[in-house]
Amino acid sequence: METELSRTLGIEHAIFGFTPFPAVAAALSRAGCFGVLGAVRYTAPDDLARDLDWMQEHTDGRPYGLDVVMPAKKVEGVTEADVEAMIPEGHRAYVRSVLAQHGVPELAEGEASGWRITGWMEEVARRQLDVAFDYPVKLLANALGSPPPDVVARAHEHGVLVAALAGSARHARRHAEAGIDIVVAQGYEAGGHTGEIASMVLTPEVVEAVSPLPVLAAGGIGSGEQIAAGLALGAQGVWLGSLWLTTTEADLHSRALTAKLLAAGSGDTVRSRALTGKPARQLRTEWTDAWEDPAGPGPLPMPLQGLLVAEAVSRIQKYEVDPLLGTPVGQIVGRMNSERSVRQVVDELTRGFEKAVDRINRVAGRNR
Ligand SMILES: Cc1cc2nc3c(=O)[nH]c(=O)nc-3n(C[C@H](O)[C@H](O)[C@H](O)COP(=O)(O)O)c2cc1C
């Protein structure tokens with residue numbers, strides 16, 4: 001499964017895997033794909049450095065990338081405490097009432113909230129980049145629009161390619177103008193922050209909008225046949241996130257959550273602002289329902305909502321409170337029905353891809 005982009009990056013398969021888990025990212029790179037480690041959960045630069053050291057030791061010299069969540073617009077001098085202070089008391093009371101309804105226990109005294117995500121604050125993302133450029137990271141991806149121009153320039157000085165996610169052709173064009181090297185066209189079906197256009201429509205639109213820049217198709221891909229479809233639509237590779245969540249290398253810290261993912265069907269997700277304040281596809285739960293409830297206050301904008309719910313989400317995860325327990329995941333969750341290693345999943349993807357190519361060749365009257 002080779003494309004011009006996979007040859008440029010020196011990988012065997014044009015499959016890019018986003019994951020918050022270093023063990024998954026490293027396994028992807030070792031399997032001939034391109035592992036991309038999500039950095040948004042690292043608050044302390046030392047923790048990121050520790051995991052990048054680990055990646056260095058476990059990728060057998062194969063290339064890998066890093067994904068940050070950096071807003072394109074700079075907001076000068078705003079600290080986490082300033083943002084915390086903007087959260088209305090009514091929203092805090094609502095969180096307390098939802099947790100109380102479900103009897104969710106408190107964290108132990110002094111226990112830090114594990115889910116507290118601050119990597120989408122520019123000051124935190126910049127500290128992550130200071131660490132990342134000390135490592136031979138080959139690709140820097142950004143989830144929230146184009147990274148600021150100085151970051152693109154710095155990446156290019158280090159010989160690092162820059163990718164950015166786009167949910168529309170308009171976003172993609174903006175990335176191209178900002179000097180981005182690769183556009184990830186992420187459809188509505190995808191896990192995490194998504195736009196409103198399905199991959200089948202979005203991929204060719206983005207390919208056309210930014211040609212000759214390479215495009216990766218993302219959203220709803222979980223089989224080799226779907227990879228073939230993405231490449232047929234003009235993508236130079238595919239970018240998968242959800243599928244790795246139920247691999248044996250993933251570390252969700254919750255058997256109950258893994259069981260929920262394995263049991264979920266493709267209709268069991270919702271695009272909701274409940275976790276971060278921006279629409280993100282995730283498992284539908286009583287937690288997401290509570291933020292849709294017209295009797296509730298509704299979600300706050302990013303980054304307020306993420307800070308508002310950080311402790312609550314940590315408590316729900318720690319105590320595995322089943323009705324509220326969720327995670328970002330895409331509609332492809334309907335195919336994630338067994339736990340397998342990254343290598344087994346990649347083998348199945350490549351076999352499915354070959355079958356799809358054979359089928360199309362037969363349809364086209366070749367291979368007879
Ligand atoms: C659990 C989870 C967390 C995600 N977090 C991020 C993130 O921090 N940064 C990012 O660029 N994309 C993130 N995404 C989106 C993925 O990069 C990817 O675009 C998406 O998963 C592709 O669609 P799929 O879920 O159908 O495979 C996340 C996806 C999932 C499932």
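Description of the structure in this document. Quick caveat, the model's predicted, so the values are computed rather than measured. (Residues numbered from 1 in each chain as written. Predicted model: local features only at pLDDT ≥ 70, side-chain atom pairs only at ≥ 80, totals over all residues. Heavy atoms only, no water.)

1. Thoughts on the site of the ligand
Taken together, 16 residues surround the ligand, and among them D67, Q186, G220, G241 and S242 come closest. For the ligand, an oxygen atom lies 3.4 Å from a polar atom in the backbone of G219. Within the side chain of W239, an N or O atom sits 3.0 Å from an oxygen atom of the ligand. For the ligand, whose accessible area on its own is 600 Å², the fraction buried by protein is 94%. A per-class count over the shell around the ligand returns 9 nonpolar, 6 polar and 1 charged. (Near = heavy atom within 4 Å. Polar contact = N/O pair within 3.5 Å; in protein donor to acceptor, adjacent residues only side chain to side chain. Areas by Shrake-Rupley, 256 points an atom, 1.4 Å probe, with all protein chains shown as cover. Nonpolar A, V, L, I, M, F, W, Y, C, P; charged D, E, K, R; others polar.)

2. Considerations on the packing of aromatic side chains
Summed over the entire model, instances satisfying the criterion amount to 3 aromatic pairs. Between F16 and F34 the ring centres are 5.2 Å apart and the planes differ by 40°, which places this aromatic pair in the tilted class. Note that F16 is positioned in strand β1 (residues 15–19) and F34 in strand β2 (residues 34–38), a separation of 18 residues in sequence. According to the relative accessible area criterion, F16 is buried, its value standing at 0%. Residue F34 is classed as buried on the basis of its relative accessible area, which comes to 0%. Look at Y94 and W291: their rings are 5.3 Å apart centre to centre, the planes differ by 80°, and that puts the pair in the edge-to-face class. With Y94 in helix α5 (residues 89–101) and W291 in helix α12 (residues 286–292), this pair connects stretches of sequence that are 197 residues apart. A residue is classified by how much of its surface remains accessible, and Y94, at 14% relative accessible area, is buried. (Phe/Tyr/Trp six-rings, centres within 6.5 Å; stacked < 30°, edge-to-face > 60°. Helix = DSSP H or I, 4+ residues; strand = E, 2+ residues; numbered from the N terminus. Buried < 20%, exposed > 50% of the residue type's maximum accessible area, 1.4 Å probe, protein only.)

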